[in-house]
Amino acid sequence: MSENAVGGVVFDRAALIDWAWQKPYPQAMCFAVAKVGSTIVVPATALTEARALIPTDRHDILDVLLDLPNTVVTALDRAAHTGVAGVLAASPDAVDALSAAHAVAESVGRDFPCLTSRGAQLRDLDPRIDLDELP
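Just so it is clear, the structure is predicted and the values come from calculations on it, not from any experiment. (Residues numbered from 1 in each chain as written. Predicted model: local features only at pLDDT ≥ 70, side-chain atom pairs only at ≥ 80, totals over all residues. Heavy atoms only, no water.)

Inspection of the secondary structure puts Ala 46 in helix 3 (residues 44-53). Each C-alpha atom, one on Ala 46 and one on Asp 132, is 29 Å from the other, the two residues being 86 residues apart in sequence. Dropping the residues within four chain positions of it, Ala 46 is found in contact with Phe 11, Asp 12, Arg 13 and Leu 16. (Helix = DSSP H or I, 4+ residues; strand = E, 2+ residues; numbered from the N terminus. Contact = heavy atoms within 4.5 Å.)

This is how it looks when you write it as structure tokens:
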């Protein structure tokens, strides 16, 4: 990587998992990016999936990356959703597990009912969910 070639790098789920397992390539990329003062971008959705797949005894290693001053965790919010939705729309194999988990976490965590047409899928994730099935 040349010092002028990269303004930053995005770590996806696989890169985050490899970082937690202390594999050399993501570590080298991190240090190279830091050396030139560039940014490591971590999409919140990739971080969420990675943390779910990384053993808890390695979460502290993941946190080292997240705590670096040049690491930015980006949200999937109103401003960002359009670009992400455009990518998903182009993929007929788009998986909805992340949105299901997010809906369950919000519903159970807030003790709000969840309006849905996929009640069985959500209940499989957490039987405590209060479902309001769409007609």
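Read on, since the account is not over.
Right, let's talk about a negative patch on the surface for a bit. Taken together, Asp 111, Asp 130, Asp 132 and Glu 133 make up a surface patch of like negative charges. Within the secondary structure, Asp 111 sits in the loop between helix 6 (97-110) and strand 4 (114-116). (Patch = residues over 30% accessible without salt bridge, like charges linked within 9 Å, V, L, I, M, F, W, Y side chains within 5 Å. Areas by Shrake-Rupley, 256 points an atom, 1.4 Å probe, with all protein chains shown as cover. Salt bridge = Lys/Arg side-chain N within 4 Å of Asp/Glu carboxyl O. Lys, Arg positive; Asp, Glu negative; His and termini not counted. Charge placed at Lys NZ, Arg CZ, Asp CG, Glu CD.)

Our focus in this paragraph is the layout of surface pockets. In this structure, the largest pocket encloses a volume near 640 Å³. Looking at the largest pocket, it is lined by 22 residues, and the ones nearest its centre are Thr 45, Leu 76, Val 84, Leu 88 and Leu 98. Broken down by secondary-structure element, the contributors of at least two residues to the lining of the largest pocket are helix 3, helix 5 (78-89) and helix 6. The greatest single-element share of the lining of the largest pocket, amounting to six residues, is contributed by helix 5. Here the lining of the largest pocket is built from residues that sort into 13 nonpolar, seven polar and two charged. In this model, the second largest pocket occupies a volume close to 150 Å³. Along the walls of the second largest pocket sit Arg 13, Thr 48, Glu 49, Ala 52, Leu 53, Ala 97, Leu 98 and Ala 101, which together make up its complete lining. At the level of secondary structure, the elements contributing two or more residues to the lining of the second largest pocket comprise helix 3 and helix 6. With four residues, the single largest contributor to the lining of the second largest pocket is helix 3. Of the residues that constitute the lining of the second largest pocket, the class distribution is five nonpolar, one polar and two charged. (1 Å grid on protein atoms, 1.4 Å probe; cavity = no way out; pocket = protein on both sides within 12 Å on 5 of 7 lines; lining within 4 Å. Points joined across faces, edges and corners; volume = space filled by probe spheres on them. Nonpolar A, V, L, I, M, F, W, Y, C, P; charged D, E, K, R; others polar.)

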